[in-house]
Amino acid sequence: ATPGHHGYNLESAKALLDTVLDNSTMLSTGVLHFARTYAGSVSERRRLEQNNRQLKAELTDAREKLEALTEIEREVELPDTEIEKPDINNGSPQIKKSNTDRIP
């Protein structure tokens, strides 16, 4: 169950450790302590890997949404207009025509 090892397989490690711990009467105190500690480590790694998979899926989803929003922004760009930054004291931004639209 060592990450990077060619035989790395947490599910197999968990099953083997469960088998060892089920037959703990045949183990010395030191070996039993080691097996319990390693089983805890394997369980924690399994939990972290599951969490990592979930976070990667959420990141992929967020990237897709960001790309969709970016594409919408590109399609909706208003020519010759600008959006003022909101005044933090009085609310939402206002759209105003640029100076190029004025007739002398």
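Our subject is the structure that appears above.
What you see is a predicted model; the values in this text were computed from it and never measured.

Student: Help me understand the nonpolar core, please; the structure alone is not making it clear to me.
Tutor: One broad trend across soluble globular proteins is that nonpolar side chains are buried collectively. The biggest cluster of nonpolar side chains holds six residues, and these are Leu10, Ala13, Leu17, Ala35, Ala39 and Val42. Listed by contribution, the elements that provide at least two residues to this core are α1 (10–22) and α2 (29–76).

Student: Before we go on, may I ask you to explain the pattern of salt bridges in this structure?
Tutor: As a working rule, side chains carrying opposite charge can pair if their charged atoms are close by. One pass over the structure, following the stated rule, counts six salt bridges. Residues Arg47 and Glu44 are paired through a salt bridge, measuring 2.6 Å at the closest nitrogen-oxygen approach. Pair noted here: Arg47 and Glu44 are both in helix α2, with a separation of three residues, about one helical turn. Look at Arg47 and you get partly exposed, because its relative accessible area is 46%. When its relative accessible area of 37% is taken as the criterion, Glu44 is described as partly exposed. Close ionic contact of Arg74 with Glu71 constitutes a salt bridge, the shortest N to O distance being 3.3 Å. Remark: Glu71 and Arg74 occur in helix α2; sequence separation between them is three residues, near one turn of the helix.

Student: Could you clarify how one ought to interpret α1 in this entry?
Tutor: Side chains of residues three or four places apart in an α-helix project in the same direction, reflecting 3.6 residues per turn. Along its 13 residues, α1 runs 18 Å from first to last C-alpha, staying within 8% of the 18 Å computed at 1.5 Å per residue. Looking at α1, one finds that the buried residues are Leu10, Ala13 and Leu17. Here the buried residues of α1 occupy an arc of 60° about the axis, which is enough to place them on one side. Of the exposed residues in α1, the ones pointing more than 90 degrees away from its buried face are Leu16 and Asp22. Of the surrounding elements, those touching the buried residues of α1 are α2. Taking the backbone nitrogen of Glu11 as reference, a side-chain oxygen 3.0 Å away marks Asn9 as the first, capping residue of α1.

Student: I'm lost on the packing of α1 against α2 in this one. Help?
Tutor: Describing two packed helices takes the angle between their axes plus the distance from one axis to the other. Where α1 contacts α2, the axes come no closer than 10 Å and their chain directions differ by 150°. On the basis of the axis angle, α1 is roughly antiparallel to α2. Every pair of crossing elements has a handedness; the one defined by α1 and α2 is left-handed. Seen from α1, the contacting residues are Leu10, Glu11, Ala13, Lys14, Leu17, Val20 and Leu21; seen from α2, they are Leu32, Ala35, Arg36, Tyr38, Ala39, Val42, Ser43, Arg45, Arg46 and Glu49. When grouped by side-chain class, the residues that make up the contact of α1 with α2 number 10 nonpolar, one polar and six charged.

Student: Any chance you could explain a nonpolar patch on the surface here in plain terms?
Tutor: Taken together, the side chains of Leu69, Ile72 and Val76 make up a nonpolar region of the molecular surface, amounting to roughly 280 Å² of accessible area. Tracing the backbone shows Leu69 in helix α2.

Analysis parameters
Residues numbered from 1 in each chain as written. Predicted model: local features only at pLDDT ≥ 70, side-chain atom pairs only at ≥ 80, totals over all residues. Heavy atoms only, no water. Core = buried A, V, L, I, M, F, W, Y, C linked by side-chain atoms within 4.5 Å. Buried < 20%, exposed > 50% of the residue type's maximum accessible area, 1.4 Å probe, protein only. Helix = DSSP H or I, 4+ residues; strand = E, 2+ residues; numbered from the N terminus. Salt bridge = Lys/Arg side-chain N within 4 Å of Asp/Glu carboxyl O. Expected span 1.5 Å × (residues − 1). Arc of directions from axis to C-beta. Contact = heavy atoms within 4.5 Å. Polar contact = N/O pair within 3.5 Å; in protein donor to acceptor, adjacent residues only side chain to side chain. Axes fitted to C-alpha atoms, helices over the stretch in contact; angles between N-to-C directions. Parallel < 35°, antiparallel > 145°, perpendicular 65-115°, else oblique. Left-handed = near helix turned anticlockwise from the far one by under 90°. Nonpolar A, V, L, I, M, F, W, Y, C, P; charged D, E, K, R; others polar. Patch = residues over 30% accessible without salt bridge, like charges linked within 9 Å, V, L, I, M, F, W, Y side chains within 5 Å. Areas by Shrake-Rupley, 256 points an atom, 1.4 Å probe, with all protein chains shown as cover.

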